[in-house]
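Okay, here's what each chain looks like letter by letter:
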Amino acid sequence: MIPEKALAANIKAKRKNDKAILNLQRTFCYIVLVLISIICLFSFYILIINSTRSHPDIQKGFSMLPGGSLFYNIKNIMSNENLPVLSGILNSIFISACVAVLSTYFSALTAYGIHVYNFKLKKIAYTFILLIMMVPTQVSALGFIQLMRSFSLMDSFVPLIVPSIAAPIVFFFMVKYMESVLPVEIVEAARIDGAGEFHTFNRIVLPIMKPALAVQAIFTFVNAWNNYFIPALIINSADKKTLPILMAQLGARTF
């Protein structure tokens, strides 16, 4: 039999070896994550550096050192009447915030109806929503513009905000999340206690859905912020244009 001291020494050596391997793996993971973070943040660094340089300096090539034209560039872009950047930022924030709130709330409400209720056309409705998700925006853009023109809603924020209520991608995510975290028994228990459907959804379901709501709100906000195609077709007034439109105009005038 192996003596107890030798056995303890072997166990101690094995633990030490395992700890060394674990530390080596962690170090490798940290190095990879640091490199990936540097690669992701490098573009932001270039953006900040170029904002401090003049246009001729930027054309000369990349530089790691900042320039001295930051305040001149800010003053130049802010004083341009044809490119109201400040109003563009405010417009983008307003539209993106409204789209994020409406899209996440009503998508969660639709997913709640599909997940909790049982009706004859449930599968057909679910399939129809998924089919809409596969239709690109460009396909229906012409008909959408004609519809907005017939409603006299051109050059307004309404066509950019209200249609976001119908968001099949967000709906699909909400349905799948509800299937994993929301048992129907919770809703039935709330009904037995006398809670109404909207009270149950707003006070019980939404708190359970907080992680999904946060994720989809962030994604929807970013997508609405970066949206250029539909706003460029709808908005004509300079004071109503969003930031992506102004950036495209600035790039066209620069080059």
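Residues numbered from 1 in each chain as written. Predicted model: local features only at pLDDT ≥ 70, side-chain atom pairs only at ≥ 80, totals over all residues. Heavy atoms only, no water.

Enquirer: Tell me about the overall build of the protein chain, and name the residues and values.
Expert: Helices and strands together make up the secondary structure of the protein chain, namely 13 helices and zero strands. Whereas a compact globule of 255 residues would reach a radius of gyration of roughly 18 Å, the protein chain reaches 27 Å, over 25% beyond that. Projected onto the principal axes, the alpha-carbon positions of the protein chain cover approximately 90 × 65 × 30 Å. Counting contacts in the protein chain only where the partners sit at least 6 residues apart, residues at least 24 apart contribute 72% of the total. On the protein chain, roughly 17300 Å² of surface is accessible, and the fraction owed to carbon and sulfur atoms is 70%. (Helix = DSSP H or I, 4+ residues; strand = E, 2+ residues; numbered from the N terminus. Rg over C-alpha atoms; globule rule 2.2 N^0.38 Å. Contact = heavy atoms within 4.5 Å. Areas by Shrake-Rupley, 256 points an atom, 1.4 Å probe, with all protein chains shown as cover.)

Enquirer: Outline a nonpolar patch on the surface, listing residues and values.
Expert: On the surface, a cluster of nonpolar side chains totalling about 700 Å² of accessible area is made up of L70, F71, I74, M78, L86, L90 and I93. Of all elements in the fold, only α3 (70–78) and α4 (85–116) reach the threshold of two or more residues within the nonpolar patch. In terms of residues, the nonpolar patch owes the most to one element, α3, which gives four residues. Note that I93 resides in helix α4. The partly exposed category is assigned to I93, whose relative accessible area is 39%. (Patch = residues over 30% accessible without salt bridge, like charges linked within 9 Å, V, L, I, M, F, W, Y side chains within 5 Å. Salt bridge = Lys/Arg side-chain N within 4 Å of Asp/Glu carboxyl O. Buried < 20%, exposed > 50% of the residue type's maximum accessible area, 1.4 Å probe, protein only.)

Enquirer: Quick rundown of the side chain of T52? Include the residues and the values.
Expert: Mapped onto the elements of the fold, T52 is located in the loop between α1 (4–51) and α2 (55–60). Looking at T52, its side chain comes within polar contact range of the main-chain oxygen of I49, at 2.6 Å. Other than its neighbours up to four places away in sequence, T52 contacts P66, G67, G68, S69, L70 and N73. (Polar contact = N/O pair within 3.5 Å; in protein donor to acceptor, adjacent residues only side chain to side chain.)

Enquirer: Tell me about the domain arrangement of the protein chain, and please be specific about residues and values.
Expert: What the domain assignment lists for the protein chain is domain 1 (2–70) and domain 2 (80–254). Using only C-alpha atoms to locate each centre, domain 1 and domain 2 end up separated by 37 Å. (Domains from an automatic or database assignment.)

Enquirer: Explain the packing of α4 against helix α5 (residues 122–133) to me, using residue names and the numbers behind them.
Expert: Where α4 meets α5, the axes come as close as 10 Å, and the angle between the chain directions of the two elements is 145°. Crossing angle aside, the handedness with which α4 passes α5 is left-handed. Facing T110, I114 and H115 of α4, the residues of α5 in contact are K122, A125, Y126 and I129. Of the residues in the contact of α4 with α5, the class split is four nonpolar, two polar and one charged. (Axes fitted to C-alpha atoms, helices over the stretch in contact; angles between N-to-C directions. Left-handed = near helix turned anticlockwise from the far one by under 90°. Nonpolar A, V, L, I, M, F, W, Y, C, P; charged D, E, K, R; others polar.)

Enquirer: So what about helix α10 (residues 197–208)? Which residues, and what values?
Expert: Residues that lie three or four places apart on an α-helix share one face, since the helix turns once every 3.6 residues. Spanning 12 residues, α10 covers 15 Å between terminal C-alpha atoms, matching the ideal 16 Å at 1.5 Å per step. T200, F201, V205 and L206 are the residues of α10 that are buried. Burial along α10 is one-sided: seen end-on, the buried residues are contained in an arc of 150°. (Expected span 1.5 Å × (residues − 1). Arc of directions from axis to C-beta.)

Enquirer: Explain the nonpolar core residue by residue, including any values.
Expert: Ranked by size, the top nonpolar core spans 22 residues in total, and within it Y112, F171, M174, M178, V205 and M209 carry the most contacts. Where this core is concerned, the elements lending two or more residues are α4, α5, α8 (168–181), α10 and α11 (210–226). If sequence neighbours within four positions are ignored, Y112 has contacts with Y117, M178, V187, E197, T200, F201 and V205. Counting 12 residues, the second-largest nonpolar core is a separate cluster that includes V99, I145, A224 and I235. (Core = buried A, V, L, I, M, F, W, Y, C linked by side-chain atoms within 4.5 Å.)

Enquirer: With reference to specific residues and values, describe unusual backbone geometry.
Expert: One non-glycine residue, S152, lies in positive phi territory at about 60°. With respect to the secondary-structure elements, S152 resides in the loop between α6 (141–150) and α7 (158–161). Of note, the phi angle at D155 is positive, near 60°, even though the residue is not glycine. Tracing the backbone shows D155 in the loop between α6 and α7. With relative accessibility at 18%, the residue D155 sits in the buried group.

Enquirer: Please give an account of the environment of S103 that cites residues and values.
Expert: Within the secondary structure, S103 is located in helix α4. In this structure the C-alpha to C-alpha distance between S103 and Q216, which are 113 residues apart in sequence, comes to 8.6 Å. Setting aside anything within four residues of it in sequence, one finds S103 in contact with S164, A167, V170 and T220.

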